[in-house]
Amino acid sequence: MSNKRPIKVLIAKPGLDGHDRGAKVITMGLREAGMEVIYTGLRQTPEMIAQAALEEQPDVIALSCLSGAHRSLFPRVVDELRKRKMKDVLVIGGGIIPDEDVTDLQAKGIKAVFGPGTSIKEISEYIRENV
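Residues numbered from 1 in each chain as written. Predicted model: local features only at pLDDT ≥ 70, side-chain atom pairs only at ≥ 80, totals over all residues. Heavy atoms only, no water.

Draft legend 1. Representation of the pairing of strand S1 (residues 8-12) within the structure. Counting buried residues in S1 gives 5 out of 5 residues, a clear majority hidden from the surface. Alternating positions in S1 separate into two faces, Lys8, Leu10 and Ala12 on one and Val9 and Ile11 on the other, with burial throughout. Pairing analysis gives 4 bridges linking S1 to strand S2 (residues 36-39), with the strands arranged parallel. Bridging from a neighbouring strand, Val9 pairs with Val37 of S2. In this fold, the crossover linking S1 to S2 by way of helix H1 (residues 21-32) has right-handed handedness. Alignment of S1 against strand S3 (residues 60-65), held across 4 bridges, turns out to be parallel. (Buried < 20%, exposed > 50% of the residue type's maximum accessible area, 1.4 Å probe, protein only. Helix = DSSP H or I, 4+ residues; strand = E, 2+ residues; numbered from the N terminus. Pairing = 2+ DSSP bridges. Right-handed = clockwise from strand over helix to strand, strands pointing away.)

Listed below in structure tokens is the structure:
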């Protein structure tokens, strides 16, 4: 048996988006995949998310947005992480994100974007390969 600790994932819902079923499904699925998962809850500011990350020291931050505010909120989270010298954490996103926004988000530090219908297996494999 390995002494390696499980991958730690912080799942956050930035902004005023009040829909968190998907985030809760991902939380449970990644836990079942053997990861340690912290869900910060609804209506988090980028500052709150970065502060939680600073306190929890996750390997991955998974952001979920269904409200359409991902283009401003996701990069703001990355900026807040950089202010806290957290450059090594893998930041991924998910939710209702148009294909045309993905390249822009990736250029701003979101390493991968997962849309509706993505399997837990695909997300967990991506995390394992990139942490």
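Draft legend 2. Inspection of the nonpolar core at higher detail. Judged by nonpolar contacts, the single largest core of 20 residues is most densely connected at Ile49, Ile61, Leu63, Phe74, Leu81, Val91 and Ile110. Elements supplying a minimum of two residues to this core: S1, helix H2 (46-56), S3, helix H3 (70-83) and helix H4 (99-107). Setting aside its immediate chain neighbours within four residues, Ile49 contacts Leu10, Ala12, Pro14, Gln44, Ile61, Leu63 and Val77. Of all hydrophobic cores here, the second largest spans 15 residues; its members include Ile11, Phe114, Ile123 and Ile127. (Core = buried A, V, L, I, M, F, W, Y, C linked by side-chain atoms within 4.5 Å. Contact = heavy atoms within 4.5 Å.)

Draft legend 3. Just the packing of H2 against H3, in detail. Remark: H2 packs on H3, axes separated minimally by 8 Å, with the N-to-C direction vectors making an angle of 45°. In this view, H2 runs oblique relative to H3, as classed from their interaxial angle. Judged by the sense of rotation from one axis to the other, the crossing of H2 with H3 is right-handed. For the pair H2 and H3, contact is made by Pro46, Glu47, Ile49, Ala50 and Ala53 and by Leu73, Arg76, Val77, Glu80 and Leu81, respectively. Classifying every residue of the contact of H2 with H3 gives 7 nonpolar, no polar and 3 charged. (Axes fitted to C-alpha atoms, helices over the stretch in contact; angles between N-to-C directions. Parallel < 35°, antiparallel > 145°, perpendicular 65-115°, else oblique. Left-handed = near helix turned anticlockwise from the far one by under 90°. Nonpolar A, V, L, I, M, F, W, Y, C, P; charged D, E, K, R; others polar.)

Draft legend 4. Structural context of H2. Every buried residue belonging to H2 is among Pro46, Ile49, Ala50, Ala52 and Ala53, and all of these are buried. Considered in projection along H2, the buried side chains sweep an arc of 160° and stay on one side of the axis. Contacts made by the buried residues of H2 are with S1, S3 and H3. (Arc of directions from axis to C-beta.)

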